[in-house]
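An overview of the molecular structure
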Amino acid sequence: MLDPAPERPWRATYGLWSRELPTDLPASVVAARAAGRAIALTEHRLGWEYAVLDVPALQAHLADQLTGVHIHTGRAVGSPERGVVALADGSHLRAAVVVDAGGRWRPLDPAPSRGTPAEQTAYGLIVDEQTAEPLVAAGDALFMDWRTDHGESGWPTFLYAIPLGGGQVLVEETSLARRPGLPISTLRQRLHARLARHDIAPPTDAPNEKVSFRVDHPRHAGSGVLGFGAAAPLIHPATGFSVAASLRLAPQVAGAIAAHLPDGPGEALAAAQRTVWPRAAQVVHRVRRIGLEALLRMPPPEVPGFFEQFFVLPDAHRWAYLTARDDLRGTVAAMSCLFRESDFRLRRRLVIPAVRRPLPTNDAVPSKG
């Protein structure tokens with residue numbers, strides 16, 4: 001395993017639906033569980049339990065599984081040939097199968113990044129449960145709150161408010177996706193305005209969280225390399241979620257490599273690639289990318305109405321679209337139902353991205369279309 005700082009603590013907040021938790025994860029890695037709800041134009045109880053991970057416990061649990069693994073400190077800069085990784089210091093590492101799990105940086109993908117990336121950005125504060133109570137009650141997780149309590153027009157953002165365990169709550173102003181990402185300074189300003197609207201005065205020394213990652217990466221193009229995790233990308237283009245998919249797929253990928261390695265590194269790599277990207281998952285990812293482009297093209301005032309329509313879909317349709325990355329039938333059924341239940345204007349918003357090129361930037365979005 002190669003990492004620039006193997007001992008660096010993980011600091012991001014990770015959440016997933018409880019039904020997505022792998023059965024081999026110990027209960028100790030879950031910091032909090034809460035009932036999921038969302039607010040678009042009206043409030044919706046999602047009927048699913050949300051789980052927030054204890055990230056230091058998860059890191060410790062995974063590190064305990066590294067018996068026999070050689071850990072190298074260094075930075076990958078490329079893969080000049082199959083099975084070889086070049087490091088920034090001029091040295092090389094060799095392996096039968098190379099996996100690029102380098103996140104948004106994807107150091108082993110030689111394809112240049114073209115155009116302005118679509119990014120999810122967020123700014124959050126960690127406060128105690130009592131302080132956050134006007135927005136989220138104990139036992140609840142606010143998946144999305146699209147109300148404009150921040151008092152600003154322009155690009156739509158929502159509040160994400162989840163328990164962290166130990167009496168702490170993360171309240172985070174989030175831009176779901178924008179090309180380019182909405183600045184952190186704007187999100188910080190909106191969060192403080194939203195909190196003030198609810199008479200919430202966070203401590204001046206409250207810990208903060210800043211989030212910025214790309215949601216429209218193409219599939220990893222490294223020759224002879226398996227992209228995994230956010231580098232694959234396993235990020236859901238229209239929500240930004242990826243941790244559950246990574247945790248579920250990791251043992252399957254390891255199993256595929258182990259089973260086919262006796263037939264040679266090439267067979268092992270091919271088996272791992274089929275595991276990450278079966279044909280159904282490729283098509284679902286394309287459908288989700290169309291959903292992302294629909295959101296990027298949607299006039300800001302219409303976004304809460306879109307999510308209102310989505311949250312009233314039958315449970316199975318919502319679940320398939322949000323979580324099932326290789327359930328093509330379920331994903332198509334969900335989108336078909338959404339299309340049938342939408343008015344002409346929303347139907348047009350959903351169809352246009354399928355026949356047009358991606359929008360170059362949201363800094364010059366036309367007022368109509």
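One structure accompanies this document, and this report is about it.

The rules behind each value
- Residues numbered from 1 in each chain as written.
- Predicted model: local features only at pLDDT ≥ 70, side-chain atom pairs only at ≥ 80, totals over all residues.
- Heavy atoms only, no water.
- Helix = DSSP H or I, 4+ residues; strand = E, 2+ residues; numbered from the N terminus.
- Rg over C-alpha atoms; globule rule 2.2 N^0.38 Å.
- Buried < 20%, exposed > 50% of the residue type's maximum accessible area, 1.4 Å probe, protein only.
- Contact = heavy atoms within 4.5 Å.
- Areas by Shrake-Rupley, 256 points an atom, 1.4 Å probe, with all protein chains shown as cover.
- Lys, Arg positive; Asp, Glu negative; His and termini not counted.
- Charge placed at Lys NZ, Arg CZ, Asp CG, Glu CD.
- Phe/Tyr/Trp six-rings, centres within 6.5 Å; stacked < 30°, edge-to-face > 60°.
- Pairing = 2+ DSSP bridges.
- Axes fitted to C-alpha atoms, helices over the stretch in contact; angles between N-to-C directions.
- Expected span 1.5 Å × (residues − 1).
- Salt bridge = Lys/Arg side-chain N within 4 Å of Asp/Glu carboxyl O.
- 1 Å grid on protein atoms, 1.4 Å probe; cavity = no way out; pocket = protein on both sides within 12 Å on 5 of 7 lines; lining within 4 Å.
- Points joined across faces, edges and corners; volume = space filled by probe spheres on them.
- Nonpolar A, V, L, I, M, F, W, Y, C, P; charged D, E, K, R; others polar.
- Parallel < 35°, antiparallel > 145°, perpendicular 65-115°, else oblique.

With that settled, the discussion passes to the overall build of the chain. Counting its secondary structure elements, the chain contains ten helices and 15 strands. Relative to the compact-globule value of 21 Å for 369 residues, the chain shows a C-alpha radius of gyration of 21 Å, a close match. For the C-alpha atoms alone, the extent of the chain along its principal axes is close to 60 × 50 × 35 Å. The buried share among the 369 residues of the chain stands at 50%. By sequence separation, contacts in the chain at least 24 residues apart represent 71% of the contacts at least 6 residues apart. Split by element, the accessible area of the chain, about 17800 Å² in all, is 54% carbon and sulfur. Looking at the chain, you have 40 positive and 37 negative side-chain charges, and the mean spots of the two groups are 10 Å apart.

In total, this model carries 13 aromatic pairs according to the counting rule given. For the ring pair Trp17 and Tyr50, a centre distance of 5.0 Å and an interplane angle of 70 degrees mean the geometry is edge-to-face. Remark: Tyr50 occurs in strand β4 (residues 43-53) and Trp17 occurs in strand β2 (residues 15-17); sequence separation between them is 33 residues. Taken individually, Trp17 and Tyr50 each receive the classification buried, so the pair is uniform in this respect. For the pair Trp146 and Phe158, a centre-to-centre distance of 4.9 Å together with 50 degrees between the ring planes defines the contact as tilted. Of the two residues, Trp146 sits in the loop between β11 (140-145) and β12 (158-165) while Phe158 sits in strand β12, which places them twelve residues apart along the sequence.

All right, on to unusual backbone geometry then. The step from Arg179 to Pro180 runs through a cis peptide bond, and the omega angle for that step is 0 degrees. Positionally, Pro180 belongs in the loop between β13 (168-178) and α3 (184-197). Note that the residue after Ala232, namely Pro233, is joined by a cis bond; omega there is 0 degrees. As for its placement among the helices and strands, Pro233 is situated in the loop between β15 (225-227) and α4 (243-260).

Taken in spatial order, the eight strands of this open sheet run β2-β4-β3-β11-β12-β13-β10-β14, and their pairing is mixed. Looking at which strands have only one partner, the edges of the open sheet turn out to be β2 and β14 (208-214). This sheet shows a mean twist of 30 degrees between the axes of neighbouring strands, independent of strand direction. With nine bridges connecting them, strand β10 (residues 119-128) and β13 associate as antiparallel partners. In the strand pairing of β13, Ala122 is matched with Thr174.

On to helix α9 (residues 328-341). An α-helical segment advances 3.6 residues per turn. Residues three or four places apart therefore align on the same side. The end-to-end C-alpha distance of α9, which contains 14 residues, comes to 20 Å, matching closely the 20 Å that a straight helix rising 1.5 Å per residue would cover. Residues of α9 that are buried sit in contact with α6 (279-297), α7 (303-311), α8 (315-323) and α10 (344-355).

The subject of this paragraph is the pattern of salt bridges. Overall, the coordinates contain 18 salt bridges when judged by the stated rule. Residue Glu20 is joined to Arg248 by a salt bridge in which the shortest nitrogen-to-oxygen separation is 3.5 Å. Here the residue Glu20 occupies a position in the loop between β2 and β3 (30-39), and Arg248 occupies one in helix α4, the gap between them amounting to 228 residues. Judged by its relative accessible area of 8%, Glu20 is buried. Residue Arg147 is joined to Asp149 by a salt bridge in which the shortest nitrogen-to-oxygen separation is 3.9 Å. Asp149 gets classed as buried once you look at its relative accessible area, which sits at 12%.

With that settled, the discussion passes to the layout of surface pockets. Considered as a void within the structure, the second largest pocket measures approximately 410 Å³ in volume. Along the wall of the second largest pocket there are 20 residues; nearest its centre are Ser113, Arg114, Arg214, Asp216 and Pro218. Residue composition of the lining of the second largest pocket, grouped by class: seven nonpolar, four polar and nine charged.

On to the packing of α9 against α10, then. Two packed helices can be described by the angle between their axes and the distance between those axes. Look at α9 against α10: their axes get within 8 Å of each other, and the N-to-C directions meet at 140 degrees. Classified by the interaxial angle, the pair formed by α9 and α10 is oblique. Listed contacts from α10 to Leu338, Phe339 and Arg340 of α9 are Arg347, Leu350 and Val351. Looking at the contact of α9 with α10 residue by residue, the classes come out as four nonpolar, no polar and two charged.

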